[in-house]
Amino acid sequence: MAAAVGRALRLGGPRAQALRLIYTTTALRKRNVGASGPEKYTEAFIKKQIEEFNLGKRHLANMMGEDPETFTQEDIDKAIAYLFPSGLFDKQARPMMKHPSEIFPEQRKIQWGEDGRPFHFLFYTGKQSYYSLMHETYEKLLNVQKHQDKLSAQDLLPQKEKRNLAGSRWLTKIELEEMLLEKLSDNDYLRFIQLLQKLMAMPCGDIEEKYIQKFSKEVPAQLQKVVIEPLKYDEQGVAFSTGEGTRKTAKATAVVYGNGTGKITVNGIDILHYFTVLQDREQLLFPFQFLDRIGKHDTVCTVSGGGRSAQAGAIRLATAKALRSFVTEKEVEFMRQAGLLTRDPRVKERKKPGQEGARRKFTWKKR
Amino acid sequence: MLRSLRGLVCHPRKLDHGYALHTAAKDCLSSLASQDVQALAEGPRAVFYTSENDPANHTEHHEGRHYSIPLEEVKAVFPHGLPPRFQQQIKTFNEACVMVRKPALELFAYLKNSNFAHPAVRYVIYGEKGTGKTMTLCHVVHYCSRQGWLVLHIPDAHLWVKNCKELLQSSYNKDRLDQPLQASFWLKNFKTSNERFLKEIKTQRKYVWGKRDSTEEGKPLGEVVEQGLARVRNASDVVGVVLKEIKQQCQLGSFRLLVAVDGVNALWGRTTLKKEDKSPVSPEELTLVYNLRKMMRNDWSGGAVVTTLSQTGSLFKPRCAYLPQELLGKEGFDALDPFVPILVPNYSAAEFESCYRYYRHCRWLQHPRAHTAEGQEELRFLSGSNPWQLERLAGPL
């Protein structure tokens, strides 16, 4: 290869020392793709994509027999999933049709005009959006201070009530970067958050509430999502509750009755006969033992799939879910912390090619 | 207090055998438990124990309670009858305590009221695995021996149809096969349990054992048994002779006979034995089984036949089979028909309580949580009130 590097022409004359390359190899000629950074999409390109998307949307609506005017994104997703069924696990890898603004990342437009002069006055700081944001926020802070001074001069300083911060959080660094379309460093981000906190902490900070809300997000509390079903009553007036559980490949449904002697029936068979091994019966015992209700509930379960241990785990989850209806909220929280209400995510790991099993490699032979 | 402590448990403990009873509050529980144990040891034992040692006097009043058999009597009456785990328990606790249960009481009632002039009634004790069929049989055997009956106790008929090292061709009948080892073993135990009868019963015929050995008419049965023990080759024939003699003489009415067979379904099933030419042996071809089947027929009077079905030692039968129809097969069912079936269920609540108290009294349950009410509930749940399961569970605790 070294021999194929450009033949140099020796020029005669006064510039005899300079060597000029006549030709280069393919290796040298190849563009360094990584060095140019992410692809730049021109505005025209994006506009064209949007037009194509809308056209495609109308075509799709016609194909599916729906009204093109009222064809929403959800309908598009359903239609694509129907027309191009995919078994891939990663949702991002499946075929999708979304608005170009969601697919192509937002990019900054050219920051300078035809004469080369930048539009923004902070362009030459390098981080123009960040500094302009800090500038704005500090301006608001000064406003609030001025307002405060005015009020304290008139002795009308309102008392600051503690605002409940539990339901909201600040934007994360990545979210802020997305908003500003430029990279931030950790320190920058910290400074900004500190400024916001200072602004909020001031007594008259409520004036700029709208501005602050741009940078905070709501955090839904954990438990609010889970709805505990109320008890149902069957013909004889006995309270009962149903629960479903899965583990590995086993699926189970359990019906727990309010009265009883602690008998459990699985697929019509008593647990003593269905689960011969003590370990499985201990798994079934665990929810009742935890809640101190061992001999108080009768249970009827159905289970299918999986092996012996998986079926036991599935029934345990199902009974725990069913027992939630019989028990106070505090105890439900205890159950959740004990891990009774969590579906065990462990499943059989896939076998990889080139290995004997999921982790086991073939016997290594030195030669 | 316990509730708040339990709330600190973040993740489920690994549920190993026995560790299901661990909680975060071990310390306070142990202090409570020690007080509990002392209190109960001094308290009344009347709930689980009765001092009535004669089974004849056991009534419903005693139901669920344990009574103890003196150890000498155990050696005399049960040289070979008790289940092996129970024998270990006797050695550990230094006493043999048997629970009085309803099936046994039922049997006693039948035996007391049976008319011995009529042909012998056959009773079949059946039930799921580990519910106490063999123990019920032993209870009945004890009762009968106390009453002075002659007890013909075959501890496990399955032993005669499998794992036989030596099979000899029978000298009496060319088609049949002898089992010297099993026969001599059984004769030895039979001798221990029925000493006095062996002196009283006399032979009614002359038996020739070989060129030089013979037993004259009118000799006590003990001699025949000695003959069998001395000449192991003829042991199976001796067993046949003993059975025949006893059956004949029982009809005369001088004594009552109880034939107690455990695992009677072995007599009509299949065997795992093979002849020298690798062909399978059917049960009729074994002398012992053939003679025993003759005893099972109800063509004699003056006694009773109490048998137990057992899946545990049975060959080629599925694990969940426990009904007479399933375990005996058509042949066995027809042979035993008509019989009185007696079901032995799992422990009832009172019986379970009694067994639990007994274990606590013997200090067999050492785990601190086992002494609490929740521990008892857990044991009840995990064992499903099955005596066998409970015994196995209580072992490591």
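Conventions and cut-offs
Residues numbered from 1 in each chain as written. Chains lettered and ligands numbered in written order. Predicted model: local features only at pLDDT ≥ 70, side-chain atom pairs only at ≥ 80, totals over all residues. Heavy atoms only, no water. Helix = DSSP H or I, 4+ residues; strand = E, 2+ residues; numbered from the N terminus. Buried < 20%, exposed > 50% of the residue type's maximum accessible area, 1.4 Å probe, protein only. Areas by Shrake-Rupley, 256 points an atom, 1.4 Å probe, with all protein chains shown as cover. Pairing = 2+ DSSP bridges. Salt bridge = Lys/Arg side-chain N within 4 Å of Asp/Glu carboxyl O. Contact = heavy atoms within 4.5 Å. Patch = residues over 30% accessible without salt bridge, like charges linked within 9 Å, V, L, I, M, F, W, Y side chains within 5 Å. Phe/Tyr/Trp six-rings, centres within 6.5 Å; stacked < 30°, edge-to-face > 60°. Lys NZ or Arg CZ within 6 Å of the ring centre and 35° of its normal. 1 Å grid on protein atoms, 1.4 Å probe; cavity = no way out; pocket = protein on both sides within 12 Å on 5 of 7 lines; lining within 4 Å. Points joined across faces, edges and corners; volume = space filled by probe spheres on them. Nonpolar A, V, L, I, M, F, W, Y, C, P; charged D, E, K, R; others polar.

(A) Expanded view of the overall build of chain B. For chain B, the count of helices and strands is 15 helices and 11 strands. Expressed as a percentage of the 397 residues in chain B, the buried residues total 52%. Accessible surface, chain B as shown: approximately 18700 Å² in total, 51% of it carbon and sulfur.

(B) Representation of unusual backbone geometry in the model. The phi dihedral of Leu181 of chain A falls on the positive side, at around 60 degrees, and the residue is not glycine. Exposure remark for Leu181 of chain A: the relative accessible area of 29% places this residue in the partly exposed category.

(C) View of the pairing of strand S10 (residues 298-304) of chain A. All names here are of chain A. Here S10 shows one buried face, formed by Thr299, Cys301 and Val303, and one open face, formed by Asp298, Val300, Thr302 and Ser304. As defined by bridge partners, strand S7 (residues 250-257) adjoins S10 across seven bridges and the pair is classed as antiparallel. Considered in S10, the bridge of Thr253 is made with Thr302. By the bridge criterion, three bridges tie strand S8 (residues 264-266) to S10 in an arrangement that is parallel.

(D) Structural detail: the pattern of salt bridges. Residues and elements named next belong to chain A. For the coordinates displayed, the defined rule picks out 29 salt bridges over all chains. Note that Asp344 is salt-bridged to Arg247, the shortest N-O span being 3.4 Å. Residue Asp344 is located in the segment after helix H12 (329-338), and its partner Arg247 is located in strand S6 (residues 239-247); the two are separated by 97 residues in the primary sequence. Connected through shared salt-bridge partners, Arg169, Glu175 and Lys217 make up one network.

(E) A look at the sheet that holds S8 of chain A. One open sheet holds the six strands; their spatial order is S5-S6-S7-S10-S8-S9 (chain A), and the pairing between them is mixed. Edge positions in the sheet fall to strand S5 (232-233) and strand S9 (269-270) of chain A, since each has one partner strand and no second.

(F) The side chain of His153 of chain B, seen in detail. Residues and elements named next belong to chain B. Among the secondary structure elements, His153 is positioned in strand S4 (residues 150-154). Using a relative accessible area of 5% as the deciding quantity, one classes His153 as buried. When near neighbours in sequence (up to four residues on either side) are disregarded, His153 contacts His80, Gly81, Leu137, Val141, Trp186 and Ala260.

(G) View of a nonpolar patch on the surface. All names here are of chain A. Together, Met63, Met64, Tyr82, Leu83 and Phe84 give the surface a local cluster of nonpolar side chains, amounting to about 550 Å² of exposed area. If you list the elements that add at least two residues to the nonpolar patch, you get helix H2 (43-64) and helix H3 (73-83). Tracing the sequence through the fold places Met64 in helix H2.

(H) Structural detail: the packing of aromatic side chains. Residues and elements named next belong to chain B. Scanning all chains against the criterion turns up 22 aromatic pairs over all chains. Ring geometry for Trp160 versus Trp186: centroids 6.4 Å apart, planes at 85 degrees, classification edge-to-face. Separated by 26 residues along the polypeptide, Trp160 in the loop between S4 and strand S5 (168-169) and Trp186 in helix H7 (residues 180-193) bring together distant segments of the chain. This pair shows no difference in class: Trp160 is buried, exactly as Trp186 is. Within the aromatic cluster, the residues linked to one another by ring pairs are Phe93, Tyr358, Tyr359 and Trp364. Across the ring face of Trp388, the terminal group of Lys129 is positioned such that the distance to the ring centre comes to 4.8 Å. Sitting above the plane of the Tyr290 ring, Arg176 keeps its charged end 3.8 Å from the centroid.

(I) Structural view of the layout of surface pockets. Approximately 1200 Å³ is the volume attributed to the largest pocket. Lining the largest pocket are 42 residues, and of these Pro83, Phe86, Thr134, Met135 and Trp388 of chain B lie nearest its centre. The residue makeup of the lining of the largest pocket, split by class, is 20 nonpolar, 15 polar and seven charged. Its boundaries defined by the atoms lining it, the second largest pocket holds a volume of some 980 Å³. Lining the second largest pocket we find 26 residues, and of these Glu106, Gln107, Arg108, Lys109 and Leu181 of chain A sit closest to its centre. Listed by contribution, the elements that provide at least two residues to the lining of the second largest pocket are H2, helix H4 (100-103) and helix H6 (173-180) of chain A. It is H2 of chain A that provides the largest number of residues to the lining of the second largest pocket, a total of four residues.

(J) Structural view of the environment of Arg319 of chain B. For Arg319 of chain B, the position within the fold is in the loop between strand S10 (303-308) and helix H12 (324-336). Measuring from C-alpha to C-alpha, the distance between Arg319 of chain B and Glu128 of chain B comes to 9.6 Å, with 191 residues separating the pair along the chain. Beyond its immediate sequence surroundings of up to four residues, Arg319 of chain B is in contact with Thr276 of chain A together with Lys129 and Gln311 of chain B.

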